[in-house]
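Residues per chain are reported as follows:
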Amino acid sequence: KFPGQINDPFLIGQYMRIAAAVVIPGTVGLAIAHAFAHGRPLLTRKLERHGPELEYLIPGYNGLIVDGDEERFIKSLAEYVSSAARQKQLCEGALRSRESLRLENMVCQFDSAVTQTIDWKRRPSAFPIELQS
């Protein structure tokens, strides 16, 4: 079943419990983080217009990006649905991926980037030219 866009958080939770994957044949955005939060892989098509969140997807690890036309995409979905082992593998990858998307992890990464930038700026030898104040 492909229910389309769902906005009700309770209904989303119900679908995620029984879903084999989150399938988005069009533009992928923050829904990928939602899929991973529920331990569901994301299956999509290779398109030029995906949001930057597509970077979270590692093909064959936590989802699939199918290159080709609609017929190839449908064939890939059928292959995925018919393989319990593949479903298990990608669901496990999605569960592991959600850890890197936790707010605490993002805050630590941001803090680390800021700290490294400040430390780098404080080292006079880091700059080939003298900075103006």
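Residues numbered from 1 in each chain as written. Predicted model: local features only at pLDDT ≥ 70, side-chain atom pairs only at ≥ 80, totals over all residues. Heavy atoms only, no water.

(A) Expanded view of the overall build of the protein. Per the secondary structure count, the protein includes five helices and three strands. Counting helices and strands in the order they occur from the N terminus, the protein gives α-β-α-β-β-α-α-α. Across the 133 residues in the protein, those meeting the buried criterion constitute 27%. For the protein, the exposed surface amounts to about 9,500 Å²; the carbon and sulfur share of it is 57%. Separation of charge centres in the protein, based on 16 positive and 15 negative side chains, amounts to 5 Å. (Helix = DSSP H or I, 4+ residues; strand = E, 2+ residues; numbered from the N terminus. Buried < 20%, exposed > 50% of the residue type's maximum accessible area, 1.4 Å probe, protein only. Areas by Shrake-Rupley, 256 points an atom, 1.4 Å probe, with all protein chains shown as cover. Lys, Arg positive; Asp, Glu negative; His and termini not counted. Charge placed at Lys NZ, Arg CZ, Asp CG, Glu CD.)

(B) Representation of helix α1 (residues 9-18) within the structure. Listed as buried for α1 are I12, G13 and M16. What you see down the axis of α1 is that its buried residues fit within an arc of 100°, all on one side. In α1, the exposed positions that point more than 90 degrees away from the buried face belong to F10, R17 and I18. Where the residues of α1 are buried, they touch β1 (22-24) and α2 (31-37). The N-cap residue of α1 is D8: its side-chain oxygen and the backbone nitrogen of F10 are 2.9 Å apart. (Arc of directions from axis to C-beta. Contact = heavy atoms within 4.5 Å. Polar contact = N/O pair within 3.5 Å; in protein donor to acceptor, adjacent residues only side chain to side chain.)

(C) Structural detail: the sheet that holds β1. Reading across from one edge, β1-β2-β3 is the order of the three strands in this open sheet, with parallel pairing throughout. The open sheet has two edge strands with one neighbour each: β1 and β3 (63-66). Here the strands of the sheet are splayed against their neighbours by 10° on average, with no regard to which way each runs. Pairing between β1 and strand β2 (residues 42-45): three bridges, direction parallel. Paired with I24 across the two strands is T44, which belongs to β2. With respect to the sheet, helix α3 (residues 70-81) is in contact with β1, β2 and β3, its orientation differing from that of β2 by roughly 160°. (Pairing = 2+ DSSP bridges. Axes fitted to C-alpha atoms, helices over the stretch in contact; angles between N-to-C directions.)

(D) Molecular detail of α3. Between the first and last C-alpha of α3 there are 17 Å, a value that for 12 residues agrees with the 16 Å anticipated at 1.5 Å per step. Residues of α3 that are buried include every one of F73, S76, L77 and Y80, and no others. Axial view of α3: buried residues confined to an arc of 100°, hence all on one face. Elements in contact with the buried residues of α3: β1, β2, β3 and α4 (84-100). (Expected span 1.5 Å × (residues − 1).)

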